Every structure is written in C-alpha cells, then in structure tokens.
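Architecture and fold: a report
Here's the letter readout for the chains.
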Amino acid sequence: MLSVDLPDTVRDALRAPLVDHHCHGVRRDDLTRAQFELLLHEGGGAAPPGTTHFDTPFGLAIRRWCAPLLDLEPHAPPAVYLSRRAELGAAEVNRRLLTAAGVVAFLVDTASEDTDLLAAAEMGRHGGAAADELVRIEHIEREVAESARIALDYLDSLGEELIARAARAVALKTVIAGLCGLDFDPARPSRGSVIAAANRRLADPKVPLTDHVLLRHLLWCAIDVARERGLPVQFHVGLGGGAGTDLHRTDPARLSTFIADLQPAGVPVILLHCYPYHRQAAYLAGRYPHVYVDVGLALPHTAAASARVMEELLELAPFHKQLFSSGCRGVAESCLLGALYYRQALGAALAARVGAGEWSAADAARIAHMIGSGNARRIYRL
C-alpha cells in the first residue's frame, strides 16, 4: 500500500505496528445500509434524498481499500460491498479490518452507552492488540449528576469518581470544544459560582452539560487528577470537536491562554484531529513543551488528499510531539483507513525529504517510529 519509492529501512518503519492513541469502539452487530451510511459521516445525519455517503472521499476509500479485504475486487459497488459485509458477519469483518490496520495497542474512548459497540478489551481481541481506556470526563459528570441529590454531594462525588476512573485509565479526555467552544474563560471558577451552577444542573441532570462554570470546574478537576497521576488530557478540537457549537470556536488557538496557564503543572495536553486548524495546533505543539498533536480523523476523511494535510502538520510541529490516531468510530473500516492513509501520507512526505537529500534515511525511519508508536508509548507510559 506504500506506492512511493522509499529506502527499505523507512518502509519497514512505516509498516511497523502502530499505537492508535485515540479511537472508539466499532459496532458488533450487522448493519443495514442506512445504519452503515450514518457511520460514514461525521455529521451523523443521512445523505440528502437520492444521494449517498459513499459519494465522499471516505466512501470511495472504503470501496477501494476495504473491499479486497472482504474478498471483493477494488471499487466494488456499495450494494455488493454491503452484501458481502453482511454475508461475512460483523465479527469476521471487524477481525479482518482491525487486524489489517496493523495496530499493536488501542487506546479507546469508552464513553458511549451503546452496548452494540465493542469495549476496549474486545477491540484488542478483534485486532490482535493490547487495549487501554480513555476516560471522557463529561461522561463521568453526567453519571454523577444523575445520582447526586444536593450540590455538595455532586461536587464531592465528581472529584471521587474522577480519581477512581483515572486509576484504570491511560488518559483523561474532554469534549468541551463541542459543548461550549474553546473560547471559555480559562480561570478556575469560584466555589460559590460552582455551587450555584451545580444546583441548576441537578434540576435537569439528563441533558448534556453546557453550563460554562461547571464545564470549567470539571476541566480543572480533571487537570488536578491528571497532574497527581501523571496522565495526559486529550482535547477534541476542529473536525470531530464541533458537534454542538460553531466550528470556528473549536480552533485550538483559542486555548492558548489556558495552555500557557497549565504549563507549570506539567500536564500533557493532546490536541486531537485538529483539521482544519492543524497548522494552529502545530504551532502550539512547537511553542509549548507540554502540547502534542495529531490529525487522525482528517486523514481517512480527506483520503487521497491526506498527504497535503500531513505536509502542513510537518511544517511546524516537532516530530517528538506528533502522534498517530485512527479516530476509529462505529465501523472497523474507519480504523483500517485511518492507519492506511496515515502510512501513505507520512510515506509521501518522507520520500520527498529523503529524495531531496533533506533528510537521511536513518532520520526518516526514526521519525516514522516516533510518530507511529514511540511518542505514544512515552506520553501514555505504555
């Protein structure tokens, strides 16, 4: 799948097993076409009448690269592909595609309440890999809000539950970008304002948390726990981070003050996905010693254009600050394509630099190992 001309050492480094430092579970059940198509699109909605989500870069990539792994010719029509998928069954499809991604460890966001998604350990078993848990802090907050009776119980339980869940995790994660944007006040809220907000929250705990005071309180509580346990904190930004707010408010540059304030604590900040703000994220990774970056979700969704996205990330982000993630969600195809386009995009960038004499083959191979697995092993202490 690496079509570029590369020295053997670099090619081997790109093909080496990856640490997928951010993914979600995939569906364990057989899917109808409508269900499958909903999982092809980050917006989560159906295609307009008379159209299909297969007519996207991601949809065409499935037909090109996933079809042969299901014993079909490349570019098999959608109906043929889905028929073969159903014939094999979800378990076999998941096994084939997750294994073919070449991942040695999955770090899985387990926040979903959908029991039809594979759990972290199941992702590992299907993919022949290790697996660990990423704890989404907003999921913990909702569980606490639904069980607390008064504001003080809520505050005490929130801290206790964060500590308990962090003990079993390799990182904490927030989706604050999609709930209120990244242009929030970076200061810790006062205790009085938090108690007042908690009282409002307990009046209707089942709705998504959007109160800026409680979101900031939750985030700072998570930072405290992460500092004590030596854990990174992941932030969804850009693509995949703006489901509930305007995309421009998920620009990681809006986190600059918060990131600067956080530097003395030494808590690693991981900026996930980032596109179309990956250049801003690359700047932050170069500017601050505790900031790391990936473009995971962007690569399979830009498909043939993924090399350009990778080139733009490489402009500024230090190589020891970059990570691989597939952003896998819902269908195993997203894991396979995340890994494939990562290898193709980075391979094209390395080939250009080695071919121009800018980098040695040894440096290119070392950088490929760092981004593919080495950096994640160091940051997450794997």
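For the structure given in this document, a descriptive report is provided here. In this text, all values refer to a predicted model and were calculated from it rather than measured experimentally. (Residues numbered from 1 in each chain as written. Predicted model: local features only at pLDDT ≥ 70, side-chain atom pairs only at ≥ 80, totals over all residues. Heavy atoms only, no water.)

Examining the overall build of the chain
A tally of helices and strands in the chain yields 17 helices and seven strands. Here the C-alpha radius of gyration of the chain, 21 Å, is about what a compact globule of 382 residues would show, namely 21 Å. With the C-alpha coordinates aligned to their principal axes, the bounding extent of the chain is approximately 60 × 50 × 35 Å. Expressed as a percentage of the 382 residues in the chain, the buried residues total 56%. Look at the contacts in the chain between residues 6 or more apart in sequence, and 76% of them connect residues 24 or more apart. Roughly 15300 Å² of accessible area belongs to the chain as shown, and the carbon and sulfur atoms make up 52% of that amount. (Helix = DSSP H or I, 4+ residues; strand = E, 2+ residues; numbered from the N terminus. Rg over C-alpha atoms; globule rule 2.2 N^0.38 Å. Buried < 20%, exposed > 50% of the residue type's maximum accessible area, 1.4 Å probe, protein only. Contact = heavy atoms within 4.5 Å. Areas by Shrake-Rupley, 256 points an atom, 1.4 Å probe, with all protein chains shown as cover.)

Thoughts on the pairing of strand β2 (residues 103–109)
The buried fraction of β2 amounts to six of the seven residues, a majority that puts the element mostly inside the structure. Judged from the five bridges that link them, strand β1 (residues 18–24) and β2 form a sheet pairing that is parallel. The residue of β2 that forms the bridge with Leu-18 is Val-103. Direction of pairing for β2 relative to strand β3 (residues 130–136): parallel, over a ladder of five bridges. Paired with Phe-106 across the strands is Ala-131, a residue of β3. For the crossover from β2 across helix α6 (residues 120–127) to β3, the handedness is right-handed. (Pairing = 2+ DSSP bridges. Right-handed = clockwise from strand over helix to strand, strands pointing away.)

Concerning the pattern of salt bridges
Note that side chains of opposite charge can pair when their charged atoms are close. For the structure shown, the criterion picks out 26 salt bridges. Each of Asp-71, Arg-84, Glu-87, Glu-92, Arg-95 and Arg-96 takes part in one network of salt bridges that share partners. (Salt bridge = Lys/Arg side-chain N within 4 Å of Asp/Glu carboxyl O.)

Looking at the packing of aromatic side chains
Counted according to the given criterion, the structure contains seven aromatic pairs. A ring pair is formed by Phe-36 and Phe-54, whose centres lie 5.9 Å apart and whose planes are at 20°; its orientation type is stacked. Linking Phe-36 in helix α2 (residues 33–38) with Phe-54 in the loop between α2 and α3 (57–66), this pair joins segments that are 18 residues apart in sequence. On the accessibility criterion, Phe-54 (1% relative accessible area) is buried. Seen from their ring centres, Trp-220 and Phe-258 are 5.4 Å apart, and the 65° between their planes marks the pair as edge-to-face. Highlighted residues: Trp-220 in helix α11 (residues 212–229) and Phe-258 in helix α12 (residues 256–262), separated in sequence by 38 residues. Taken together, Phe-184, Trp-220, Phe-235 and Phe-258 form an aromatic cluster joined through their ring pairs. (Phe/Tyr/Trp six-rings, centres within 6.5 Å; stacked < 30°, edge-to-face > 60°.)

Describing the packing of helix α8 (residues 151–166) against helix α10 (residues 191–202)
One can describe the packing of α8 onto α10 by two numbers: an axis separation of 8 Å at closest approach and a directional angle of 105°. In terms of their interaxial angle, α8 and α10 are classed as roughly perpendicular. Where α8 approaches α10, its residues Ala-151, Leu-152, Tyr-154 and Leu-155 are matched on the opposing element by Arg-191, Val-194, Ile-195, Ala-198, Asn-199, Arg-201 and Leu-202. A breakdown of the residues in the contact of α8 with α10 according to their chemical character gives eight nonpolar, one polar and two charged. (Axes fitted to C-alpha atoms, helices over the stretch in contact; angles between N-to-C directions. Parallel < 35°, antiparallel > 145°, perpendicular 65-115°, else oblique. Nonpolar A, V, L, I, M, F, W, Y, C, P; charged D, E, K, R; others polar.)

Considerations on the environment of Asp-261
With respect to the helices and strands, Asp-261 occurs in helix α12. The spacing of Asp-261 and Pro-186 is 75 residues in sequence and 8.1 Å in space, taken between C-alpha atoms.

Some thoughts on the environment of Asp-363
Residue position: Asp-363 is located in helix α17 (residues 361–379). Note on Asp-363: relative accessible area 32%, which makes it partly exposed. Sequence separation between Asp-363 and Leu-70 is 293 residues, and the spatial gap between their C-alpha atoms is 36 Å.

Here's the deal with the nonpolar core
Soluble, globular proteins show a tendency: their nonpolar side chains are buried together. Among the nonpolar cores identified, the biggest contains 123 residues, and Tyr-81, Tyr-154, Leu-172, Phe-235 and Leu-271 are the most heavily contacted of them. At 14 residues, helix α16 (residues 332–355) tops the list of elements feeding residues into this core. Not counting residues up to four positions away in its chain, the partners in contact with Leu-172 are Val-135, Ile-137, Ala-166, Ala-222, Val-225, Ala-226, Leu-231, Pro-232, Val-233 and Gln-234. Grouped together as the second largest cluster of nonpolar side chains are 13 residues, Val-170, Leu-272, Tyr-292 and Ile-379 included. (Core = buried A, V, L, I, M, F, W, Y, C linked by side-chain atoms within 4.5 Å.)

Overview of helix α15 (residues 306–314)
Among the residues of α15, those classed as buried are Ser-306, Val-309, Met-310, Glu-312, Leu-313 and Leu-314. Buried residues in α15 make contact with α13 (278–287), β7 (291–293), α14 (298–302) and α16.

All we've got here are geometric facts, nothing functional implied.
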